[in-house]
Amino acid sequence: MDLTRFNEFDGAFYNNDPIVDLNEDGEIYVGKLYTNKTELKNVVGRFALKMNFEFMVKKSGTDVFYATCRGSDWKWRVRGRKRACCDMFEVTVFHNEHTCSLDSRHADNRQERPWKNPGTITDIITEDNRFKYCFWSLAACRRGFKFCRPVISIDGTFLKTRFGGTMLVAVAYDANNQLFLIAFAIVDSENHDSWKYFLQKLKEAIGEVENLVFVSDRHQSIEHAVEVIFPEACHCACYKHISMNVTHKFKTDVCNTQIWLAAYAWSKRECDRHLRVLRRMDPPIAAYVDNIGLEKWARPYCLGDRFTLQNWFANRLEKASKCVTPLATHFEEDLIKQHEDGRRRSVLRNGAQLFNVGRGVDGSDFEKGGDPQPLTQNVSVYALSSPYYTKETWKNTYDATINVVGEEDEWVLPEHMQNMRIGVPKVEKKPVGRPRKSNAKTTD
């Protein structure tokens, strides 16, 4: 390694110092240098995993890192200090000796080496011995999706790398209305072939799901792929993308709130009322969203049942385990607001078990022509809540483990990948400068 770039600090001091190489076996000794404290901590973590014991950080600051064995007699210890004129950390103390029992070294097994994630689905596609597509869905994510609402949002985002490409993602919502990752893919771009590949592998990962709903932007390749791979599923358009398209196309966002009211109305009658207001506000925008198809973006008209990695998994599970309310935190708070709102609504009996419910405290706000609804007294509000929102469902979503990948020489590759040689993807060079505009007039 060329260390001449450090000469501006103290050439004689740095040129002969050993610098950590992440490709080495993780050996630690007094005097060894690391680029920063994070690198030192990572090496200590890998060393503990390799030697099958647990460590605890006794002191950690901007200029010091001190860790010891977690056992009761912690003779094993390592200390690193920051060099005065740079961010590098030097190992100043290292006692590589254990006097504690084997049981106390790994009492809770948090740092054992399971390395593998059985049940994880991966795939890679090449074209002319060059990388084209890859896909992966972790086993814990596949299992957790079974406890999520059958609504999957899919989208793509371009990658800012030398070779470009696009990452496709599929996510759901857990019982606390938080995003839950299901699967990823790296492809060349968003086109018919790449989206069909992604959804085909996604189908292998999640299997057959009843009442499945996909939500995405209105990309034609997505619509085509969903229709081909998931013909029984319902495909809806994302309100956020629709509002962004409206703003871009009509150069105004004054109607976005009205579109939102129509999209998230609870009944067709309420949705139609908001659409009538939208048509009076801006007829062209109303015509634009009408042409999309109400069944694509308005909840009352939706044809489907559209419901409104290690540390990440563990943190979500911890939050779910601490939940003490019958519903997950987000929906428990929402239910309290709905219950308080319901206490202030007016109710008129319209038969033995039929009632009209108004939107306020007096009887002047009942919808004209509103159908009376059957109500049952003395029923718990939780009995009327979907099981997708309970704390048990929330906990079950994250009740799985995502294990550390481990060292590369310990990976177990599928047989068809063992002898595979993959080159870099083809990269088309873009011309330098701004693209030229053509001012030539076209004729019909």
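This text gives an overview of the structure that appears in the document. Starting afresh in each chain, residues are numbered from 1 along the sequence in its written order. Local features in a predicted model are, by the rule used here, given only for residues with pLDDT of at least 70; side-chain atom pairs are given and counted only at 80 or more, and totals for whole chains, interfaces and linings are based on all residues. Side-chain numbers come from the whole structure's heavy atoms, not from hydrogens or water.

This part is about the nonpolar core. Only buried Ala, Val, Leu, Ile, Met, Phe, Trp, Tyr and Cys residues count toward a nonpolar core, and they belong to the same one when joined by side-chain atoms within 4.5 Å. Exposure is judged per residue with a 1.4 Å probe applied to protein chains only, and the accessible area is read against the type maximum: over 50% gives exposed, under 20% gives buried, and values in between give partly exposed. The biggest cluster of nonpolar side chains holds 32 residues, and the ones touching the most others in it are Ile154, Ile182, Phe198, Leu199 and Phe214. A helix here means a DSSP run of H or I that spans at least four residues, while a strand means a run of E at least two residues long, and both kinds are numbered starting from the N terminus. Of all the secondary-structure elements, those providing two or more residues to this core are strand S7 (130-137), helix H4 (139-145), strand S8 (151-158), strand S9 (166-173), strand S10 (179-187), helix H5 (192-206) and helix H6 (220-229). A per-element tally of this core places H5 first, with 7 residues. Any pair of residues with heavy atoms lying within 4.5 Å of one another is described as a contacting pair. Residues contacting phenylalanine 214, with those up to four places away along its chain left out, are Ile152, Ile154, Leu199, Leu202, Val226, Phe230, Ala233, Cys234, His235 and Cys236. Grouped together as the second largest cluster of nonpolar side chains are 20 residues, Tyr239, Ile242, Ala262 and Leu275 included.

Whether two strands pair comes down to DSSP finding at least two bridges between them. Across the sheet, which stays open at both edges, the 7 strands sit in the order S6-S7-S10-S9-S8-S11-S12 with mixed pairing between neighbours. The sheet is open, and its two edges are formed by strand S6 (121-127) and strand S12 (234-237), each paired on a single side. With direction set aside, neighbouring strand axes in the sheet form an average angle of 20°. In this description, a line fitted to the C-alpha atoms serves as the axis of each element, helices being fitted only across the stretch in contact, and the angle between N-to-C directions of two axes falls anywhere from 0 to 180 degrees. Against the sheet, H5 touches S6, S7, S8, S9, S10 and strand S11 (213-216), its axis set at about 30° to S7. With respect to the sheet, H6 is in contact with S8, S11 and S12, its orientation differing from that of S12 by roughly 165°.

What counts as a salt bridge is simple: a side-chain nitrogen of Lys or Arg found within 4 Å of a carboxyl oxygen of Asp or Glu. The final tally for this structure, using the stated rule, is 5 salt bridges. Among the salt bridges present, the one from lysine 201 reaches glutamate 204, with a minimum N-O distance of 2.9 Å. Of this pair, lysine 201 and glutamate 204 both sit in helix H5, 3 residues apart, roughly one helical turn. Judged by relative accessible area, lysine 201 falls into the buried class, the value being 11%.

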